Amino acid sequence: MSERVIPLIDERQRKIGSHVPAIPAQLSTPNGLLADTRGRTLHDLRISVTDRCNFRCTYCMPKEVFDKDYPYLSHGDLLSFEEITRLAKIYIEHGVEKIRLTGGEPLLRKHIEKLIEMLASLKTLSGQPLDLTLTTNGSLLRKKAQALKDAGLSRMTISLDGLDDVTFRKMNDVDFPVGDVLDGIEAAREVGFKNLKVNMVVKKGTNDHEIIPMAQYFKASDVTLRFIEFMDVGASNGWNMSEVLPSSEVIRKIHEVFPLTNIDPNYPGEVAERWKYIDGSGEIGVISSVTQAFCKDCSRARLSTEGKMYLCLFATEGHDLKALLRDGRSDLEISNAIAQVWMQRTDRYSELRGSPEMANKTKVEMSYIGG
Ligand code: SAM
Ligand code: SF4
Ligand code: SF4
């Protein structure tokens, strides 16, 4: 019998301490003006609250790898809500204004609404409420929407890869019915969430026939639909360029049926390119992570489920902040360690994709650092 190979880098098996960021001898007070080697500021923090998920989307957590033997993190390895909130405060002092909770499936984390309540009480440096948002597969939304709203979540993005039940079940690979996600979106509306976003990952040959039905369904609704190019995240999704449908193609297909015109970004560096329907029935977005790199404005840091800071979605190594937290370091010390890490940041994977420099690079899984 041949030995089974899991083609993964398992960061969790590495000894804690191997990537603990250094604390500079000279400590300085954060002023919200941190920039990396390319002048990119730190504005956006994505926090993965669990590495588990009830879906097995083939492009993210394929069943063959994420099976019952997969070494998920144990509860003690996860950052506690208090630890997450403490780090969030430190990040805010460096200029973070937006926090997105993600995973894995964030709604699987027990008492997630308690964490949301804790984060929602934080203010940005300019005294404004934090832009606190969450990305979910929507499967538990009917149950959770009210609690999320009451806890102070500002916004929400729901992932949905098609309306056709057969296609949807095939993509989530756990036979989850699309009707329940649509009902979850409805639940979010009912409890008062505004400006909902729906993300559709487009895989050529798998769900590209769902582009027009999705556009039609969400057109003239209060939901902004965004199409995401299938990305080469992690090491297990069998990514192949031939399965990427460039966003330009998505726009072309929709434009043929529902004419579109390009509109300005909401703010500089916005990841999604915006298009509106000429007939005035709303807008869509495209996120072209493969065909149009947006590294030059990338202001996102990621915090993994077990408290490692990652500087890029395609990173290989994390910087172990949990070790600092559990080693009794002060906020100022941790703040300075984070500053050092960010100031040395050079990441720009999407710009270098396909170059020899990036060949054979082992990347961390998306369900672990959060999308
Ligand atoms: N489970 C939640 C969900 O699906 O919304 C949150 C975590 S998921 C990793 C975050 C986002 O990443 C989702 O919108 C998902 O579709 C997207 N994603 C995952 N793998 C991807 C890939 N290979 N290419 C593009 N997007 C991907
Ligand atoms: Fe789960 Fe989200 Fe990944 Fe799908 S994309 S497997 S729902 S974490
Ligand atoms: Fe940011 Fe890395 Fe994506 Fe470039 S590839 S936009 S640096 S996360």
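Cut-offs used in this document
- Residues numbered from 1 in each chain as written.
- Chains lettered and ligands numbered in written order.
- Predicted model: local features only at pLDDT ≥ 70, side-chain atom pairs only at ≥ 80, totals over all residues.
- Heavy atoms only, no water.
- Helix = DSSP H or I, 4+ residues; strand = E, 2+ residues; numbered from the N terminus.
- Buried < 20%, exposed > 50% of the residue type's maximum accessible area, 1.4 Å probe, protein only.
- Contact = heavy atoms within 4.5 Å.
- Lys, Arg positive; Asp, Glu negative; His and termini not counted.
- Charge placed at Lys NZ, Arg CZ, Asp CG, Glu CD.
- Axes fitted to C-alpha atoms, helices over the stretch in contact; angles between N-to-C directions.
- Parallel < 35°, antiparallel > 145°, perpendicular 65-115°, else oblique.
- Left-handed = near helix turned anticlockwise from the far one by under 90°.
- Nonpolar A, V, L, I, M, F, W, Y, C, P; charged D, E, K, R; others polar.
- 1 Å grid on protein atoms, 1.4 Å probe; cavity = no way out; pocket = protein on both sides within 12 Å on 5 of 7 lines; lining within 4 Å.
- Points joined across faces, edges and corners; volume = space filled by probe spheres on them.
- Polar contact = N/O pair within 3.5 Å; in protein donor to acceptor, adjacent residues only side chain to side chain.
- Near = heavy atom within 4 Å.
- Areas by Shrake-Rupley, 256 points an atom, 1.4 Å probe, with all protein chains shown as cover.
- Salt bridge = Lys/Arg side-chain N within 4 Å of Asp/Glu carboxyl O.

Trainee: Before we go on, may I ask you to explain the overall build of the chain in this structure?
Mentor: From N to C terminus, the chain includes 11 helices and 12 strands. Taking the principal axes of its C-alpha atoms as reference, the chain extends roughly 60 × 60 × 40 Å. Across the 371 residues that make up the chain, the buried fraction comes to 55%. The long-range share in the chain, meaning contacts at least 24 apart out of those at least 6 apart in sequence, stands at 75%. Of the side chains in the chain, 49 bear a positive and 52 a negative charge, and the two mean positions are spaced by 1 Å.

Trainee: For this particular structure, what's the right way to read the packing of helix 2 (residues 112–120) against helix 3 (residues 141–151)?
Mentor: Axes are the key here: two packed helices are described by the angle between their axes and the distance separating the axes. At a minimum axis distance of 8 Å, the contact between helix 2 and helix 3 shows a crossing angle of 20°. When the axes of helix 2 and helix 3 are compared, the pair comes out roughly parallel. Between helix 2 and helix 3 lies a crossing of right-handed hand. Residues Ile-112, Glu-113, Ile-116, Glu-117 and Ala-120 of helix 2 form the contact with helix 3, whose own contacting residues are Lys-144, Ala-147, Leu-148 and Ala-151. Residue composition of the contact of helix 2 with helix 3, by class: 6 nonpolar, no polar and 3 charged.

Trainee: How should I be thinking about the layout of surface pockets in this particular structure?
Mentor: Using a probe with the size of a water molecule, rolled over the atoms, empty space left in the structure can be pinpointed. Taken as a whole, the second largest pocket encloses approximately 320 Å³ of empty space. Taken together, 17 residues line the second largest pocket, and the ones lying closest to its centre are Glu-270, Val-271, Ala-272, Glu-273 and Phe-294. At the level of secondary structure, the elements contributing two or more residues to the lining of the second largest pocket comprise strand 7 (260–263) and strand 8 (273–277).

Trainee: Can you help me understand the environment of Tyr-72 in this one?
Mentor: Relative to the assigned elements, Tyr-72 resides in the loop between strand 1 (44–48) and helix 1 (81–93). On the accessibility criterion, Tyr-72 (19% relative accessible area) is buried. It is 35 Å that separates the C-alpha atoms of Tyr-72 and Arg-38, two residues lying 34 residues apart in sequence. Polar side-chain contacts of Tyr-72 include one of 3.1 Å to the side chain of Arg-56.

Trainee: Honestly, the site of ligand 1 in this entry has me stumped. Any pointers?
Mentor: Lining the immediate surroundings of ligand 1 are 20 residues, of which Tyr-59, Gly-104, Thr-135, Ser-159 and Met-231 lie closest. Here Glu-105 contributes a side-chain N or O atom positioned 3.2 Å from a nitrogen atom of ligand 1. Within the backbone of Thr-136, an N or O atom sits 3.2 Å from an oxygen atom of ligand 1. Taken by itself ligand 1 offers 540 Å² of open surface, and the protein chains cover 95% of this. A class-by-class count of the residues in the shell around ligand 1 yields 8 nonpolar, 10 polar and 2 charged.

Trainee: Help me understand the pattern of salt bridges, please; the structure alone is not making it clear to me.
Mentor: Pairs can form between side chains of opposite charge once their charged atoms are near each other. Per the stated rule, a full pass over the model turns up 27 salt bridges. Notably, a salt bridge pairs Asp-232 with Arg-353, separated by 2.8 Å at the nearest N-O pair. Of this pair, Asp-232 sits in the loop between strand 6 (224–229) and helix 7 (247–257) while Arg-353 sits in the loop between helix 10 (349–352) and helix 11 (366–369), and the two are 121 residues apart along the sequence. An identical accessibility class is assigned to Asp-232 and Arg-353; each is buried. Its salt-bridge partner being Arg-274, residue Glu-283 comes within 2.8 Å of it at the nearest N-O pair. With relative accessibility at 14%, the residue Arg-274 sits in the buried group. Residues joined by salt bridges that share partners form a network here, namely Asp-36, Arg-40 and Arg-345.

Keep in mind these values describe shape, not function.
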